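# Structure assessment
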Amino acid sequence: MAMFRTGILVLTAPISLIPLRIAPVLAETAKIVKDVLYVHLHPGLGLTGNYMQPNPVYIPANHEVSQLLTNLYTKSSHVCSHLDIRVVLSNVKNHTSTQQPFSSVQMLSEPPEVVLTDYKITDLNQSNLIMQCLEKYTLGCYTCKPSLRAVYLPYDINGTESISCSDMEDSGLCEIIPSYNDVVLGGTFDRLHPAHKILLSISCLLTGKRLLIGVADGELLNRKVLKELIEPYQERVEKLRKFLLDVNPAVQYELVPLRDPYGPAITDVNLNCIVVSDETQKGGEAVNRKRLENALPELTIHKIGLIKDEHHTADEEEKISSSTLRKRLLGSLLLPPKNNPRIAPIPYVIGLTGCMGSGKTSVVQYLQKMGVTTIDADQLGHESYKPGRVAYQRIVQKFGQDILLKDGTVDRNALGKRVFGDIEELKSVTDIVWPETAILVKQKIADAGAEGKTVCVVDAAVLLEAGWIDMVHEVWVALMPEEEVEGES
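What comes next is a walk through the structure. The model shown is predicted, which means the values in this text are computed figures rather than measured ones.

The subject of this paragraph is the overall build of the protein chain. Of the regular secondary structure elements, the protein chain holds 13 helices and 16 strands. A globule of 489 residues ought to have a C-alpha radius of gyration of about 23 Å, yet the protein chain, at 29 Å, is considerably larger. By principal-axis analysis of the C-alpha atoms, the protein chain measures approximately 95 × 65 × 40 Å. When the 489 residues of the protein chain are sorted by exposure, 46% land in the buried category. For the protein chain, the accessible area works out to roughly 25400 Å², and carbon and sulfur atoms hold 52% of it. Computed over 49 positive and 60 negative side-chain charges, the inter-centroid distance for the protein chain is 4 Å.

Here is the structure:
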């Protein structure tokens, strides 16, 4: 079946039944939609095909819906982790409303190309009419691609029966979630994942007016695992904003940088509730102590449980976390290589960089054992200082005879002292040495190609700073946490 980049899944089963059948539904959907999937809830939606167009309905924002969100996002991480799933909550309310939901069409950041449903068609002769009805229903709620198509999902629900709210032993599931005018939460929100989406979605249900979100930045990131791979602040904020506006555009969102553990949570007089997880509950309690010191009322603390990662390995956290996702990026290409018309396709050149103690040497040795040709750009940089080289002559002209040893070679220690702490002087050296080094590296690459080598690795600590990206097809970066580097020094 043809794949669509974006889609929307209309779930018509009772809320209590969805968790029992959502895994096969998502598995089938993932065969059709490959990037972004919206989920719309309408328990009991009738798609009869009799030309009576159904209208969307409000769903009470009770604990059963909260539990469903947790279950759906958790299952999605198991069966279709590649999909960016967003459960729309515009028609989920914790208060009565006389206004019909979706009185105006809701804008979506990724307009769906296909609509799918779990609706069970009993009369196949009516299937075309039912699919047309589904298309009209969806177009009446959301902005979609003009060529929106409807697809029926075949799957086995194993004869599961619906369980009504009154039949449940836990009657607390039917209790409405409390509503607060102003809600606050904080986090890094790196590589937005299902646990984030649960936290944010339930926060939306709790919010009557404004949701204030502190997004960690600056020094707060220093102790994070593989902080180098954390997405830039603006990128994280943009992804958050898109997700939130898709989930419920009626909420007023305020996203601010969080550069200390408290942020505006200890000074904002309008806040009523703070949302935390199991591991950040102590932080919420600390916020309340600070608020009392500031003569402000304590916030209601709403705690959301951590979500287990069914795919975690022995050296990974049991919970779904951004740290684990960053670890899984190690050894993978973060960006696909781009065609570089400036260099020959063979040999394929990999630029390897990283700071001192990052493990570059170990990577080089491993690659050498595999038969890969390696080029030490740092060593070639040393050669550029030798008498007779263009760089040598220009350095002597710039800094004089005082930086030469008795044998006429450059005293690199003396040169280092001359430029230490002086950015302009240091730049004058690199402006001389780096271009000369690049010429030597290119010659080595050409030699490798002439010898029939198909792959070579340029080991260069200053690969990025020197602007040598145009000499390579892709860049590898070796990383090691600062505390481990310090421990080995």
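And the narrative resumes.
It is worth spelling out the packing of helix α1 (residues 18-29) against helix α2 (residues 63-79) at this point. Between two packed helices, both the angle of their axes relative to each other and the distance between the axes serve to describe the pair. At a minimum axis separation of 9 Å, α1 and α2 run at an interaxial angle of 30°. Classified by the angle their axes make, α1 and α2 are roughly parallel. Considering only the axes of α1 and α2, their crossing is right-handed. Residue-level contacts link Ile 18, Pro 19, Ile 22, Ala 23, Leu 26 and Ala 27 of α1 to Leu 68, Asn 71, Leu 72, Lys 75, Ser 76 and Val 79 of α2.

One pass over the structure, following the stated rule, counts 25 salt bridges. Here Asp 190 ties to Arg 326 by a salt bridge, and the two come within 2.8 Å at their closest N and O atoms. Linking Asp 190 in the loop between β8 (180-187) and α4 (194-206) with Arg 326 in helix α7 (residues 322-329), this pair joins segments that are 136 residues apart in sequence. Comparing Asp 190 with Arg 326 shows no difference in burial state: the two are buried. One salt bridge connects Glu 279 with Lys 319, and the closest N-O pair in it is separated by 3.3 Å. Note that Glu 279 is positioned in the loop between β11 (273-277) and α6 (281-293) and Lys 319 in the loop between β12 (300-304) and α7, a separation of 40 residues in sequence. In this structure, a network of salt bridges that share partners links the residues Asp 190, Arg 191, Glu 231, Glu 235, Lys 239 and Arg 326.

Time to look at α2. Helix length check: α2, at 17 residues, gives a terminal C-alpha distance of 24 Å against a target of 24 Å (1.5 Å per residue), a fit within 8%. Those residues of α2 not exposed but buried are Glu 64, Val 65, Ser 66, Leu 68, Leu 69, Leu 72, Tyr 73, Thr 74, Ser 76 and Ser 77. Sitting at the amino-terminal end of α2 is Asn 62, which places a side-chain oxygen 3.1 Å from the backbone nitrogen of Glu 64.

To continue, consider α4. With 13 residues, α4 ought to run about 18 Å at 1.5 Å a step, and its terminal C-alpha atoms sit 18 Å apart, in line with that. The element α4 is largely enclosed, with a buried count of 13 among its 13 residues.

Okay, the sheet that holds strand β6 (residues 114-117) next. Reading across from one edge, β4-β2-β1-β6-β7 is the order of the five strands in this open sheet, with parallel pairing throughout. The sheet terminates laterally at β4 (84-87) and β7 (149-152), the two strands that pair on one side only. For this sheet the average axis-to-axis angle between neighbouring strands, irrespective of direction, equals 25°. The pairing of β6 with β7 spans four bridges and is classified as parallel. What sits directly across from Leu 116, in β7, is Val 151. Where α1 meets the sheet, it contacts β1 (4-11), β2 (33-41), β4 and β6, and its direction lies at approximately 155° from that of β1.

Further remarks concern the side chain of His 473. Mapped onto the fold, His 473 is located in the loop between β15 (455-459) and β16 (474-477). A distance of 3.1 Å separates a polar side-chain atom of His 473 from the backbone oxygen of Ala 344.

As enumerated under the stated definition, the model contains zero disulfides in all. Unpaired in this structure, Cys 144 has its nearest cysteine sulfur neighbour in Cys 141, at a distance of 8.7 Å. In this model Cys 204 remains outside any disulfide bridge; the closest cysteine sulfur is found in Cys 273, 12 Å from its own. Its relative accessible area of 3% is what places Cys 204 among the buried residues.

Here the focus is the environment of Gly 452. Checked against the element boundaries, Gly 452 lands in the loop between α12 (423-450) and β15. The sequence separation of Gly 452 and Pro 347 amounts to 105 residues, and the corresponding C-alpha distance is 8.0 Å.

With respect to the helices and strands, the residue Glu 474 is situated in strand β16. Between the C-alpha atom of Glu 474 and that of Gly 351, which follows or precedes it by 123 residues, the distance is 6.2 Å. Once you skip the residues sitting within four places of it in the chain, Glu 474 turns out to touch Leu 333, Pro 337, Tyr 348, Val 349, Ile 350 and Gly 351. Within the structure, Glu 474 has its side chain in polar contact with the side chain of Trp 476 (distance 2.7 Å).

Here we come to the nonpolar core. Note that soluble globular proteins tend to have their nonpolar side chains buried in a common cluster. Leu 9, Leu 11, Leu 41, Ile 85 and Ile 213 are the most contacted members of the largest nonpolar core, which has 63 residues in total. A total of eight residues in this core trace back to one element, the largest contributor, which is α4. Residues within four places of Leu 41 in sequence aside, it is in contact with Leu 11, Ile 15, Ile 18, Ile 59, Leu 68, Val 87 and Asn 91. Among the nonpolar cores identified, the runner-up in size contains 22 residues, and Tyr 38, Met 131, Leu 134 and Leu 148 belong to it.

Calculation rules
- Residues numbered from 1 in each chain as written.
- Predicted model: local features only at pLDDT ≥ 70, side-chain atom pairs only at ≥ 80, totals over all residues.
- Heavy atoms only, no water.
- Helix = DSSP H or I, 4+ residues; strand = E, 2+ residues; numbered from the N terminus.
- Rg over C-alpha atoms; globule rule 2.2 N^0.38 Å.
- Buried < 20%, exposed > 50% of the residue type's maximum accessible area, 1.4 Å probe, protein only.
- Areas by Shrake-Rupley, 256 points an atom, 1.4 Å probe, with all protein chains shown as cover.
- Lys, Arg positive; Asp, Glu negative; His and termini not counted.
- Charge placed at Lys NZ, Arg CZ, Asp CG, Glu CD.
- Axes fitted to C-alpha atoms, helices over the stretch in contact; angles between N-to-C directions.
- Parallel < 35°, antiparallel > 145°, perpendicular 65-115°, else oblique.
- Left-handed = near helix turned anticlockwise from the far one by under 90°.
- Contact = heavy atoms within 4.5 Å.
- Salt bridge = Lys/Arg side-chain N within 4 Å of Asp/Glu carboxyl O.
- Expected span 1.5 Å × (residues − 1).
- Polar contact = N/O pair within 3.5 Å; in protein donor to acceptor, adjacent residues only side chain to side chain.
- Pairing = 2+ DSSP bridges.
- Disulfide = S-S within 2.5 Å.
- Core = buried A, V, L, I, M, F, W, Y, C linked by side-chain atoms within 4.5 Å.

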